[in-house]
Structures are given as C-alpha cells and as structure tokens.
Amino acid sequence: MPSGSENGYSVDDGYSIVVNDVSVTYRTSVEGRPTLQSTIRRLGRRERIVREVEALKKVNFRIKRGHVYGVVGANGAGKSTLVRTIAGILPPSEGRVEIHGRVSTLLALGVGFNKKLSGRDNVVLGGLAAGLKRGQLAEKYDDIVAFAELEDFMDMPMRTYSSGMYGRLAFAVAVMMEPDILLIDEALSVGDAKFRRKCARKMRELCSEDRTVVLVSHALGTIQELADHAIWMDKGEMRMWDDPDTVVNAYTEFLEVGQDAVAMEDI
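Residues numbered from 1 in each chain as written. Predicted model: local features only at pLDDT ≥ 70, side-chain atom pairs only at ≥ 80, totals over all residues. Heavy atoms only, no water.

### Some details on the overall build of the protein chain
Alright, step 1. If you tally the helices and strands in the protein chain, you get 9 helices and 10 strands.
Alright, step 2. Across the 267 residues in the protein chain, those meeting the buried criterion constitute 45%.
Alright, step 3. Long-range contacts, defined here as pairs at least 24 residues apart, represent 72% of the contacts in the protein chain between residues at least 6 apart.
Alright, step 4. Surface summary for the protein chain: the accessible area is close to 13800 Å², and the carbon and sulfur share equals 48%. (Helix = DSSP H or I, 4+ residues; strand = E, 2+ residues; numbered from the N terminus. Buried < 20%, exposed > 50% of the residue type's maximum accessible area, 1.4 Å probe, protein only. Contact = heavy atoms within 4.5 Å. Areas by Shrake-Rupley, 256 points an atom, 1.4 Å probe, with all protein chains shown as cover.)

Below you can see the structure in the form of structure tokens.
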C-alpha cells in the first residue's frame, strides 16, 4: 500500500511517487463448460477454474514533483491498474508504492458521485471524503462551481446531467481540493475543447506550484500537449519511459496505426 519514505527516497529528493518493483495479480474464477458425462456425474454443477491475471509485473519508476506524467497503452495494458495502485485503491501483490503528499483521484466519469443527489450535495460529499472541513468546503464551493461553469445546475439531481457536465464537475472538485498529486484516468475525454484547454491550464498551474499530475489517456495528442514525460505500459510491464514525442512515436509505430487525427485521439 502507499506509504512514507523508505528505500532511500524521501520528499526531500523531490519525488512525489516512488513505485518499487510493483506487481498486481488478480485471481478470477471461470466456470468450465461441462461435458455430458461430467454434468451427470456432478448433477449439473459446473466446475470452477481459478485463473491468475498478472495486471502489473515488476514495475519500477520515480515521479518528481512539479511535472505532468502521461501513461499510454492499449486496453488491458495495466494503465488503470497502475493508477489505482498508486491511489491506494488496489494493494500491490508484490513491491511497494510510496506517496509523498495528498492525492486527489479522478478515475472515471462520475465515480464517487451519487446520481440521486444534487451537484451541490455531491461537492460537499466529495470534499468531506477528501478530508476537508465544512468551513474549507464553503470557501472553495464558489470556485468549484465557477470552474465547472454549472452555476444554474448545482441544485439539480446529477442524474439529469450530461456526460460533459459530469466531467466538468468531477474535474473541478478534484483540482480545487489543492492536491499535491492529481491522478486522472481517462476523465478528460469529456467536455468541449474550450473546457479541455481550461483543464490543461489548471494542471500547468498545479505543476507550477510544485504539484504532480499523472494522466492516463488514449488521446495521444493530449499526452503530447500536456505531459513532460510519458510511460508506455504493455501487458502489465513498463515498456518505455521517455519524453512524450518519443514514446508516442514508438507506440504508434508498434501498433502500425500512424499518427492521423483519429489515431492520435483514440488509441
């Protein structure tokens, strides 16, 4: 689980995240298709087969404060598992994750929101879950609403919100909590171009304050635009760590898709 300083690295070294030899293995059970003979023998009970899935395999890296790190890779490559492990949602099966600072996590559209409640109530719940006191929340509320541009909708139940409205409010709540580390998993794919540019400016502002952003996205153009460094995950392993252009070029060449407008926004 995420922890404090160990293995020779500390906050004084400038590292906000240290991932040390981390592996994550899932155990899933699948029902095997019974034969006629086994069905009769087991009276219709299906045989359950336990399968292990290695979602992450011996991943190692260190992330410095004040930068945006992009993570790319195909579906099933381990990107989301990596972010959830850094966030402390998934414990590593092996290895260790060290976190230096308060984490704000934006994992997917609307995760953590209650659709039956209003936007206002969800902001309060999100802030309390992040450890803020009600007085602190009251001070930040107007800024959150203004950033999300949802002034006329905050007292409506969130089941009436569009996907873009969901995304805007989720991002506003996450960044206005003043996190030391902001983890984003595919949550910038909603909203119009104007709002995405506003998000980019806000992430740069966080980095200028010596904070860290980790961004998972299939939109390679977004990774090139926003990130200072990029990680390519492939089948649970870190295949490459370099500057975003180098990583994106290698990744698109590997997939043999080229870098047209469709590929750069959806692979």
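Following the structure, the description resumes.
### A word on the nonpolar core
Alright, step 1. Counting 46 residues, the largest nonpolar core has Ile-144, Met-154, Tyr-161, Leu-169, Phe-171, Leu-182 and Ile-184 as its most contacted members.
Alright, step 2. Tallying contributions element by element places helix H5 (residues 163-176) first for this core, with 10 residues.
Alright, step 3. The residues contacting Met-154, other than those within four sequence positions of it, are Ser-118, Gly-119, Arg-120, Val-123, Tyr-141, Val-145, Tyr-161 and Leu-169. (Core = buried A, V, L, I, M, F, W, Y, C linked by side-chain atoms within 4.5 Å.)

### What about the pairing of strand S10 (residues 237-242)?
Where a strand is regular, its side chains alternate between the two sheet faces.
Alright, step 1. Sheet topology note: the strand S9 (residues 229-234)/S10 ladder contains 5 bridges and is antiparallel. Of the residues in S10, the one forming a bridge with Trp-232 is Met-240.
Alright, step 2. The turn joining S9 and S10, which pair antiparallel and follow one another in sequence, is formed by 2 residues; a positive phi near 55 degrees is taken by Lys-235. (Pairing = 2+ DSSP bridges.)

### Re the pattern of salt bridges
Alright, step 1. One pass over the structure, following the stated rule, counts 13 salt bridges.
Alright, step 2. Among the ionic pairs, Lys-58 bridges to Glu-94, the shortest N-O distance being 2.8 Å. Taken together, the residues span a long stretch of sequence, with Lys-58 in strand S3 (residues 48-64) and Glu-94 in strand S5 (residues 94-99) at a distance of 36 residues.
Alright, step 3. Lys-58 gets classed as partly exposed once you look at its relative accessible area, which sits at 46%.
Alright, step 4. A relative accessible area of 41% places Glu-94 in the partly exposed class.
Alright, step 5. Note that Asp-234 is salt-bridged to Arg-239, the shortest N-O span being 3.0 Å.
Alright, step 6. On the accessibility criterion, Asp-234 (17% relative accessible area) is buried.
Alright, step 7. Each of the salt bridges in this network shares a partner with another, and the network as a whole consists of Asp-21, Lys-58 and Glu-94. (Salt bridge = Lys/Arg side-chain N within 4 Å of Asp/Glu carboxyl O.)

### Some points on the pairing of strand S7 (residues 181-185)
Alright, step 1. Here S7 lies mainly inside the structure; 5 of its 5 residues are buried.
Alright, step 2. The two faces of S7 match: Ile-181, Leu-183 and Asp-185 on one face and Leu-182 and Ile-184 on the other face are all buried.
Alright, step 3. Across 5 bridges, S7 lies against strand S8 (residues 212-216) in parallel orientation. Looking at S8, one finds that Ile-184 is bridged to Leu-215.

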